[in-house]
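Results of the structural survey
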Amino acid sequence: MRRDWPDICGGLALTAVGLLACGWALAEYDLGTLRRMGPGFFPAILGALLAALGLIVALPALGRAGMPARVAPRSAVAVLASIVIFGFGLPRLGLAGATAASVLVASLPAPQPGWTWRIVLMVAITLLTVLVFSVGLRMTLPVWPRLP
Amino acid sequence: MTTWEGLLYGIGFALQPGVLVYCVLGVVLGTFVGVLPGIGAMAAISLLLPVTYYITPEAALIMLAGVYYGAQYGGAVASILMRLPGTPQSAVTALDGYPMVREGRTGVALFAAMASSFAGSVIGIAVLVMLAGWLSTAATAFGAADYAAMMILGLVAASTIGTGQFAKGFAMVTLGLLLGCVGTDVNSGVQRFTFGQTELLDGINLVALAMGLFGVAEVVANVQDPDRQGVVERIGFRRMLPAWADLRQMGWPTLRGGALGSFFGALPGTGSTLSSFLSYAMERRVARRPERFGKGAIEGVAGPESANNAAAITAFVPTLTLGIPGDPIMALMLGALVIHGIQPGPLMLEARPEMFWGLVASFGIGNLLLLILNLPLIGIWVAMLRIPFRWLYPAILVFVCLGVYSVRGLTFDIVAVAAIGLAGYLLALAAFSPALLLLGFVLGPLIETNLRRALLISRGDPMVFLERPISAVFVVATIALLLLSLWQAWRQRRNARADRREAA
């Protein structure tokens, strides 16, 4: 039988987040009273509400066919990896190195074969970034990779 | 300050070169992202948030507002020429705009969109000025309970109106509220959900959240876009001039659309997408020959375009007078002001007249610029439609990273963008609205503070929300909205079941 998987997974994930938040708030923070609410009051209520809403989304979805989600795992991995590379690379590779690496990784899933345009794009964006942010806006960043 | 003095003062302020340049920048950039399908005003404003750290708050607000209404113009161009709505607000415009292009009336369709957008924005400005003066006087009567009740009404309205499933929308709002709790609790100083990360003491960074949810998630969803090869004829200025009959047909729809848009824009939770759909529906109902709609009726372009531009402007009413954003884009604007330490509210009209009147005047100037600039520049926008997305998105990603890094100089924020982007992409896949999450996130701390204050004042008696007349109205409206959406869900399910029985 076909089920509405996006709603089931999404709803259950939200329920899990809600329960965790509610449990954490109950265990760690003071609830206080209605008159003088503690730091735990609002998050505990919100967590419980989110858990309930997650179930309301997920349960009816068990019995109906849904639209399959169009996942693009290659694009997602490449785009997210390029951001993480930039984040960890900036202090070590410098602005130019981090930009070049992340542009190259980001361009991998694009629907156009060939390396030439990727290299051109990499050089162009790296130049532009260094010019705009380092030379133009004078952001204090290391531009070149740090040699060990 | 009377209205006329205020307007003159505002025009003088907005025409200063140091302010005007940001207005121009905003509207040009807005048109650009509006034309490009795949990047909306939300993403563009998120990308610009870090820039606002370096300019005055007035210029920042004027620039971000310019992006917002500029995107509406750009969205209309893409809708009409290519039947690719660049923004959700202009999706309706494609219904009759594109058939007009097929008929060879491209120039007239574009003229109708531009002229009615401009007229709609003028109506919106008039309504904004009238409402703001009145509301900011009325708002001084608002207490903590009233604010809390009004914000909750706004959240419920945003998650019920115009979304398919109420539970999904409300779940996103709740998740946003919960994320808004992260960081140091204002009342007790307790660190909530920080897990020992000093970077989270001030809460989740709004810039990182907005960029992850909109910038990154939208890029991921559009990477595989094939290159567009549309051939669009060159449009001479002469061919844009409409016939007298066209002008006559446009008049009333533009006025009606403007009025409708002004009304729904000012209500929290509704916004400009809804008003353009409503205007289209209304024009079709009042038309003498409704069968023309969908086949190139000029009213179907003029009405919705006027409505969404009017709504884009009156959406600022609750934000500026009460400090309560009515929709996610306004939540970002409010966030930009809060970054500068400005909390908009009823006193802003008096305390910061240059902010309010400068913004109002910039609406007029910006829309006039759009009208003057866009007619001759349409060729350029069309050429831009053909830039393949694969040339743009790696640069967008680098700007996202550097933008978020420039705010606090922490690489933690860059990695946070990746994590938030992953979550945002997954949510979008399962058709959960990230925009509602952001609305909840911005309103969360405001609601919590006002809720706690209201209950402290009433000594823990929750009846305070029904005893104060203002908040009682909001509470009743909230309950009515909830019941209405429950009834709609029940009716939908019954119809679906009936359909299945017929099919069986």
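Parameters and conventions
Residues numbered from 1 in each chain as written. Chains lettered and ligands numbered in written order. Predicted model: local features only at pLDDT ≥ 70, side-chain atom pairs only at ≥ 80, totals over all residues. Heavy atoms only, no water. Helix = DSSP H or I, 4+ residues; strand = E, 2+ residues; numbered from the N terminus. Rg over C-alpha atoms; globule rule 2.2 N^0.38 Å. Buried < 20%, exposed > 50% of the residue type's maximum accessible area, 1.4 Å probe, protein only. Contact = heavy atoms within 4.5 Å. Areas by Shrake-Rupley, 256 points an atom, 1.4 Å probe, with all protein chains shown as cover. Phe/Tyr/Trp six-rings, centres within 6.5 Å; stacked < 30°, edge-to-face > 60°. Lys NZ or Arg CZ within 6 Å of the ring centre and 35° of its normal. Domains from an automatic or database assignment. Disulfide = S-S within 2.5 Å. Axes fitted to C-alpha atoms, helices over the stretch in contact; angles between N-to-C directions. Parallel < 35°, antiparallel > 145°, perpendicular 65-115°, else oblique. Left-handed = near helix turned anticlockwise from the far one by under 90°.

1. Some thoughts on the overall build of chain A
A tally of helices and strands in chain A yields four helices and zero strands. Along the chain direction, N to C, the helices and strands of chain A fall in the order α-α-α-α. The C-alpha atoms of chain A give 24 Å as radius of gyration, which overshoots the globular expectation for 148 residues (15 Å, by more than 25%). With the C-alpha coordinates of chain A rotated into their principal frame, the extents come out at 55 × 50 × 30 Å. Each of the 148 residues in chain A was classed as buried or not, and the buried ones make up 47%. In chain A, once contacts between residues fewer than 6 apart in sequence are set aside, the share between residues at least 24 apart is 64%. Roughly 8,000 Å² of accessible area belongs to chain A as shown, and the carbon and sulfur atoms make up 73% of that amount.

2. Some remarks on the packing of aromatic side chains
Scanning the entire structure with this criterion turns up 10 aromatic pairs over all chains. Between F263(B) and F264(B), the ring centres sit 5.1 Å apart and the planes meet at 80 degrees, which makes this aromatic pair edge-to-face. Ring-pair connections join several aromatic residues into one group, and the members of that group are Y69(B), F316(B) and F363(B). One Lys or Arg, K168(B), reaches over the ring of F432(B) and ends 4.9 Å from the middle of that ring. It is R390(B) that lies over the ring of W117(A); its NZ or CZ is 4.9 Å from the centre.

3. A closer look at the domain arrangement of chain A
We note that the domain assignment places domain 1 (5–61) and domain 2 (73–136) within chain A. Once you take the C-alpha centre of each, domain 1 of chain A and domain 2 of chain A turn out to be 39 Å apart.

4. Here's the deal with the state of the cysteines
Following the criterion strictly, the structure yields zero disulfides over all chains and no others. Not part of a disulfide, C22(A) finds its nearest cysteine sulfur in C181(B), a span of 12 Å. When its relative accessible area of 14% is taken as the criterion, C22(A) is described as buried.

5. Let's talk about the side chain of T194(B)
Residue and element names in this part refer to chain B. Tracing the backbone shows T194 in the loop between β2 (191–192) and α9 (206–222). Judged by relative accessible area, T194 falls into the buried class, the value being 4%. When neighbours within four sequence positions are excluded, T194 is seen to be in contact with G183, L200 and L201.

6. What to know about the packing of helix α3 (residues 41–48) of chain B against α9(B)
For any two helices packed against each other, one specifies the inter-axial angle together with the distance between the axes. Residues and elements named next belong to chain B. It is the contact of α3 with α9, at a shortest axis distance of 9 Å, that shows an interaxial angle of 125 degrees. With respect to their mutual orientation, α3 and α9 come out oblique. Between α3 and α9 lies a crossing of left-handed hand. Here M42, A43, S46 and L47 of α3 lie close against α9, whose contacting residues are A210, M211, F214, G215 and E218.

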